[in-house]
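Letter by letter, the chains look like this.
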Number of protein chains: 2
Amino acid sequence: MTAQTAETRAVEAANQAFYDAVETSDLDALENIVLTGPLAESVSVVHPGWPVLRGRGEVMRSYALIMASTDYIQFFLTDVEVAVDGDTALVTCTENILTGGPAEDDGSAGSLVGGLVVATNVFRRTSAGWRLWVHHGSPVLAEQEEGDEGEDGPEEPAL
Amino acid sequence: MTAQTAETRAVEAANQAFYDAVETSDLDALENIVLTGPLAESVSVVHPGWPVLRGRGEVMRSYALIMASTDYIQFFLTDVEVAVDGDTALVTCTENILTGGPAEDDGSAGSLVGGLVVATNVFRRTSAGWRLWVHHGSPVLAEQEEGDEGEDGPEEPAL
């Protein structure tokens, strides 16, 4: 295994650990993955459809809220691409998400719904390993076809 | 002006130049802003609602298409935050976008529509200045309120 491959795998593992922490509602694990230190105030997260959240504190609070209000969530990551340059690593991937609604009155599981989100994640190298600096997720609203973005007219040609 | 301030301003200027290039449909200017070199294949862009575009070639083609199909676009950037660490800079901002529809039959300007997009932009330091490595824009679908994300149900709790 080349050094480049080992490094790429380490970043992939950090990326997977991030999603695993959310999937298992493990806030402690997530605390361990999100960057600390001098850049902690610049940690930024965009949940799909949300404004930007900035700073480690605000980011962690948002995840605590989301975990508390999500009964079931599962991520199937596809199209994962990693690029490493120096102390920065970029991961782009597609999150194929399965979420469960609240349980039914009779105690049976709620209905499952799927969603498609694309994510840009940036990691920084630390002495403890790769840590998440930036996460931006956004819903895929339509196939990538010119002039066929549908209901979100103003956003479609916007960059 | 401290070194940190000068650096932050240089990144802000690169960020503004990126939006100016799109606003003025100046593909040559954009060519100059998007990263070249060893990381060119990992350049990634997500236009609002789109899947991930990867590689400088695919990214530039998408901008050429967008420029060709956009009659008028103007960006008012607000809430611009910059963090610099080593050779990497992170910019998060809100794009307040004004776009114009096609001209009317009588030659008068088409109607204007507004849109709200949040962006995560990552720049790399090069010998020629800061260059764009990553751009991810996504529509703000609702105010950040718990359980009030509206029509995009499955995406709301998704990360």
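Everything discussed here concerns the structure shown above.
Residues numbered from 1 in each chain as written. Chains lettered and ligands numbered in written order. Predicted model: local features only at pLDDT ≥ 70, side-chain atom pairs only at ≥ 80, totals over all residues. Heavy atoms only, no water.

Enquirer: Sorry if this is basic, but what is going on with the interface of chain A and chain B here?
Expert: Interfaces are often sized by the amount of accessible area the parts lose when they come together. Between chain A and chain B, the residue contacts involve 63 residues of the former and 63 residues of the latter. In this assembly, chain A packs against chain B so that about 5200 Å² is buried in total across both faces, 62% of it on carbon and sulfur atoms. One can count four salt bridges joining chain A with chain B. With a closest N to O distance of 2.4 Å, Arg124(B) and Asp85(A) form a salt bridge. Elements that contribute at least two residues to the side of chain A that touches chain B include exactly α1 (3–23), β1 (44–46), β2 (53–54), α3 (56–69), β3 (72–85), β4 (88–100), β5 (112–126) and β6 (129–139) of chain A. Among the elements that make up the side of chain A that touches chain B, the one with the highest residue count is β5(A) (ten residues). Across the side of chain A that touches chain B, the residue classes tally to 34 nonpolar, 17 polar and twelve charged. (Contact = heavy atoms within 4.5 Å. Buried area = accessible area lost by both parts, 1.4 Å probe. Salt bridge = Lys/Arg side-chain N within 4 Å of Asp/Glu carboxyl O. Helix = DSSP H or I, 4+ residues; strand = E, 2+ residues; numbered from the N terminus. Nonpolar A, V, L, I, M, F, W, Y, C, P; charged D, E, K, R; others polar.)

Enquirer: Could you clarify how one ought to interpret the sheet that holds β5(A) in this entry?
Expert: Backbone hydrogen bonds are what pair the strands of a sheet, in a parallel or an antiparallel way. Residues and elements named next belong to chain A. Taking strand neighbours across the sheet as the criterion, the six strands line up as β2-β1-β6-β5-β4-β3 in an open arrangement whose pairing is mixed. Two strands lie at the open edges of the sheet, namely β2 and β3, each paired on one side alone. Where β3 and β4 come together, twelve bridges link them in antiparallel fashion. Bridge pairing in β4 places Phe-75 opposite Ile-97. Strands β3, β4, β5 and β6 of the sheet are contacted by α1, whose axis makes an angle of about 155 degrees with β3. (Pairing = 2+ DSSP bridges. Axes fitted to C-alpha atoms, helices over the stretch in contact; angles between N-to-C directions.)

Enquirer: Would you mind going over the pattern of salt bridges with me for this structure?
Expert: Working definition: two side chains of opposite charge can pair if their charged atoms are close together. Evaluated as defined, the whole model comprises ten salt bridges over all chains. Each of Glu7(A), Asp87(A) and Arg125(A) takes part in a single network of salt bridges with overlapping partners.

Enquirer: Got a minute to help me understand the nonpolar core in this structure?
Expert: When a protein is soluble and globular, its nonpolar side chains tend to lie buried together. Leu30(A), Trp133(A), Leu30(B) and Trp133(B) are the most contacted members of the largest nonpolar core, which has 76 residues in total. Among residues more than four places away in sequence, those in contact with Leu30(B) are Phe18(B), Ala21(B), Val22(B), Met60(B), Tyr63(B) and Met67(B). (Core = buried A, V, L, I, M, F, W, Y, C linked by side-chain atoms within 4.5 Å. Buried < 20%, exposed > 50% of the residue type's maximum accessible area, 1.4 Å probe, protein only.)

Enquirer: It is not clear to me how the relation of the copies chain A and chain B should be interpreted in this structure. Could you clarify?
Expert: The relation between the two copies of this chain is a rotation about an axis and a shift parallel to it. Structural alignment of chain A on chain B gives an RMSD of 0.0 Å, achieved by rotating through 180 degrees and translating 0.0 Å along the axis. The symmetry that links the two subunits is that of a two-fold axis. Every residue of chain A has its C-alpha some distance from the rotation axis, and the shortest such distance is that of Ser138(A), at 2.9 Å. When the interface residues of chain A are mapped onto chain B, 100% of them are again interface residues, pointing to one common binding face. (Least-squares fit on C-alpha atoms with pLDDT ≥ 70 in both.)

Enquirer: Explanation requested: the packing of aromatic side chains in the structure shown.
Expert: For any pair of aromatic rings, the description rests on two quantities: the centre-to-centre distance and the angle between the ring planes. Going through the model one piece at a time under the given rule, you end up with six aromatic pairs over all chains. Between Phe18(B) and Tyr63(B) the ring centres are 6.2 Å apart and the planes differ by 90 degrees, which places this aromatic pair in the edge-to-face class. A residue pair is termed long-range when its members are at least 10 positions apart, and Phe18(B) in helix α1 (residues 3–23) and Tyr63(B) in helix α3 (residues 56–69) qualify at 45 residues. Per residue, the accessibility class of Phe18(B) equals that of Tyr63(B), and both read buried. An aromatic cluster is built from Phe18(A), Tyr19(A), Tyr63(A) and Phe75(A), whose rings are joined through pairwise contacts. (Phe/Tyr/Trp six-rings, centres within 6.5 Å; stacked < 30°, edge-to-face > 60°.)

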